[in-house]
Structure formats: C-alpha cells, structure tokens
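What follows is the residue order along each chain.
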Amino acid sequence: MAKEGVEKAEETEQMIEKETGKEPAEGGGGSHRLGDTQEMRAVVLSGFGGLNKLRVSRKAMPEPQDGELKIRVKACGLNFIDLMVRQGNIDNPPKTPLVPGFECSGIVEALGDSVKGYEIGDRVMAFVNYNAWAEVVCTPVEFVYKIPDDMSFSEAAAFPMNFVTAYMMLFEVANLREGMSVLVHSAGGGVGQAVAQLCSTIPNVTVFGTASTFKHEAIKDSVTHLFDRNADYVQEVKRISAEGVDIVLDCLCGDNTGKGLSLLKPLGTYILYGSSNMVTGETKSFFSFAKSWWQVEKVNPIKLYEENKVIAGFSLLNLLFKQGRAGLIRGVVDKLLGLYTQKKIKPIVDSLWALEEVKEAMQRIHDRGNIGKLILDVEKTPTPLMANDSTETSEAGEEEEDHEGDSENKERMPFIQ
C-alpha cells in the first residue's frame, strides 16, 4: 500500500495546489526530483547553539513505513520547547543535524501498510517526534487526527500541543471543577490562552494570570485577574483570595516553584510543565541553569502531607513518545475538537512565518513577544532579507554570517484569526 501511495504522490500534490489556487511550485518551493529521489525543503539544526545553527536546506523526502502516514505539510507549530531544543537545553538531546518541530497540519499524501481510517487527501493535524518543520513528514497513525472542515491549517498547527497540554493539566491532573481558581504564568502565550479558554467552559472558575504589561490590553478579557510578570503576584493574589488558589500552572520554574506552592489552598495542585527561566540568552547558559535549579524550593514530602498539597509535573511529549499514552491523548483530542465545533475554544495565532524566517520567529518567542501561537507557514513567501539569512544554498551548507531581522520585522503586529 505504501508503494501505491507513493505512486499517487504527484497526483495528490496537484490536488493540494489546486485547492490552494497555486501553480505547482518551481524554484524556491515545493518538492524537487533529482534522478529517482525526491527532495523537500526543511529547517535543519546543524548543531546546538544560537540562531545561526538554523538553515533551510533540501533533504530527501521521507516515505511512510508500516503504520505511518505521509503528510504534505501546510503549517507547523513553534513552541518554547523548540527554542530549548535548539540550545541543547533538554535532557538527553538527540544528535544533530536534525529537523526540529513536534506538531504540524497538512494533507495526507500517502499511506503506509496497515493504515486504516484515513484516505489520501484527508486534512489532518499531527504530533511528530521531531522533523515537523519540513514540507513533508511521516508519522505513526496513532499521532494523527482529522480536522474539521472549517478549521484552517494554521489553526490546526496551533491546536495539538497547546490545547492538549492545557486540557491534561486542568482536567486529568488537577481535576478542575466548578468554583475553583487557577493561576497560570505566561497567560498571553499559546498554552496560557488555551488554559484561559478551557477554564471558561466550567462555571465560576477564577483565573489569575501573569504576563508582560504590553500584552495586558490584548488578553485582559480572557482572564479574571491579570498581573505583570515582574510584579509580586503572590501578594496580589492573596489580596484578592486570602486562601490562595486551587491550581498553579508553572512553565517558569526557578523561584516560582516556591511561590506557587505557597499559594496553594489545602488539596490544591501545583503543576510544573516547563522551565523557561533557564533560557536567558541565545545559547545555553550554565549559570542560568544553575541559578534556576538553586532557586527551586526543596520539596519536603512531610510538609506536603501536613499541608494537604499536591505537586506534579507534566510533559506531553514524554507522555506520547516515551510512555505510550497515544490512546489517552486521542480521546482528549476528540473532546477538544468537540469544543472547537461548538465554538467554545479557538486557537489564537499570533503570526505566520515562512520556513526561511524561522530565526526571526524564534527570536519573537525568546523575547516573549507573542500573543498566542507562532506558526511556520510552509507556503508563505519569505521577506528577502530573512530568506537570504536562513536559506542554505549549497549541499556543503557553508556557514553564513548571522543577520538578525530588522526592527520593523521584529515588531510585526500579531495576526489573530
């Protein structure tokens, strides 16, 4: 069946381009054929470090193995974990060179053997264990989900990581119920906004959020109480709710761990799902790592017992790719898509970037400049200055001088669908 799917690849490509109203790509985009080998564009991380380690290169196009789907990618999600991967700031980082990215959306182009329930031409979103930032990906069928007809590809790429993470923490780990209260850090980010929307589906839930001041006007209606990320939010929360909160969702780590635990009510749950405080510069900093680790309050189980508090951690990628919980996640995705069709939740897309603009997109995340999700749009035409910087024009991949985007590009306004 895989061979049959491959034979239909060109036909599917034409169908995709007809759907988008585009002519088959020539020159800069689309797949190319060298002899019998098809190639594609992909973002390649040549080694761990700064932005200059990223290039758009041509790679051999993958073909689906048994149980896999081949997807013609339309859009890819960009997450803070991708920035940490680039720096090598994760446990057991994979070997480089590699293609980053963990989520994408697109159109099914070929089916591997034993794949059932999908057809060529299906519109889907998917989790990918790396390799998402490319024109074509192959991923096991258990990580692929059909998307509603009215969901755009950019929305679909913004959906899986953010909303599944938010749902799992709120409902599977912390058991959110009517009348409870939640503190979420980085409330203007993709997960933060997903948390706010999901909390709104439960009656009388109070949401406390922290975010950079310049984001407050845009997100003020999504949370109940909003504080500056640099303010003493512990005192602000206790001024409003003397007992504290029922749930703390912490993507920062460092000294926020102790602060979060101090804010928990009896039977409250603190969940750590990130450690962005460890990222301070463009490259990995041992000082930042050590400082963040040193600031983490040492948890005493006896104290948790005496105060009736729960501390937990959550990693969606580990749950999917290391701990075999794809079936559980599929059930969650089905529930979330139901909420989407009922118009109770909707991904917020901050901005769209070409593959060649990946450095500028990553810088925007590093600067905490986004409101919602940044998306790599595979079909987007890059700004010339950015394209010259991020495109690798030879197989040898000569190192080019790293040019940052100009201030006008860095200050692009958010795109909210």
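An unreviewed UniProt entry lists the protein chain under the name Vesicle amine transport 1 like, with Myotis myotis given as the organism. Under the heading Sequence similarities (unreviewed entry), UniProt records this for the protein chain: "Belongs to the zinc-containing alcohol dehydrogenase family. Quinone oxidoreductase subfamily."

Time to look at the overall build of the protein chain. From N to C terminus, the protein chain includes 16 helices and 16 strands. Here the contacts in the protein chain between residues at least 6 apart in sequence split such that 71% fall between residues at least 24 apart.

Turning to the pattern of salt bridges, a few remarks are in order. Tallied over the entire structure, the rule returns 16 salt bridges. Here Asp246 makes a salt bridge to Lys265, at a shortest N to O gap of 3.7 Å. One end of the pair, Asp246, is in strand 12 (residues 245-250); the other, Lys265, is in strand 13 (residues 264-272), and 19 residues separate them in sequence. Each member of the pair, Asp246 as well as Lys265, carries the same accessibility label: buried. A network of salt bridges, in which partner residues are shared, links Glu63, Lys70, Arg72 and Glu109.

Let us now look at helix 5 (residues 160-173). Of all 14 residues that make up helix 5, 12 are buried, and the element is covered over most of its length. Within helix 5 the residues assigned to the buried category are Pro160, Met161, Asn162, Phe163, Val164, Thr165, Ala166, Tyr167, Met168, Met169, Leu170 and Phe171. Immediately downstream of helix 5, the backbone of Asn175 shows phi near 55°, a positive value.

It is worth spelling out the environment of Gln197 at this point. Tracing the backbone through its elements, the reader meets Gln197 in helix 6 (residues 190-199). Using a relative accessible area of 15% as the deciding quantity, one classes Gln197 as buried. Counting along the chain gives 149 residues from Gln197 to Lys346, while the straight-line C-alpha distance between them is 8.0 Å. Setting aside anything within four residues of it in sequence, one finds Gln197 in contact with Phe163, Lys344, Ile345, Lys346 and Ile348.

In this section: the environment of Asp113. Here Asp113 is to be found in the loop between strand 5 (103-111) and strand 6 (123-127). Measuring from C-alpha to C-alpha, the distance between Asp113 and Pro64 comes to 8.3 Å, with 49 residues separating the pair along the chain.

Moving on, we get to the sheet that holds strand 14 (residues 310-313). Judged by pairing direction, the sheet is parallel, and its 6 strands sit side by side in the order 11-10-9-12-13-14 without closing on themselves. Looking at which strands have only one partner, the edges of the open sheet turn out to be strand 11 (225-228) and strand 14. Strand after strand, the sheet turns through a mean of 15° between neighbouring axes, direction not considered. Relative to strand 14, strand 13 runs parallel, the two being bridged by 4 bridges. In the strand pairing of strand 14, Ile271 is matched with Ala312. Contacts from helix 6 reach strand 9 (181-184), strand 10 (206-211) and strand 12, with the element oriented near 170° to strand 9. Against the sheet, helix 8 (residues 233-240) touches strand 9, strand 10, strand 11 and strand 12, its axis set at about 155° to strand 11.

Reading guide: rules and limits
- Residues numbered from 1 in each chain as written.
- Predicted model: local features only at pLDDT ≥ 70, side-chain atom pairs only at ≥ 80, totals over all residues.
- Heavy atoms only, no water.
- UniProt positions renumbered as here; feature names shortened; annotations may be inferred.
- Helix = DSSP H or I, 4+ residues; strand = E, 2+ residues; numbered from the N terminus.
- Contact = heavy atoms within 4.5 Å.
- Salt bridge = Lys/Arg side-chain N within 4 Å of Asp/Glu carboxyl O.
- Buried < 20%, exposed > 50% of the residue type's maximum accessible area, 1.4 Å probe, protein only.
- Pairing = 2+ DSSP bridges.
- Axes fitted to C-alpha atoms, helices over the stretch in contact; angles between N-to-C directions.

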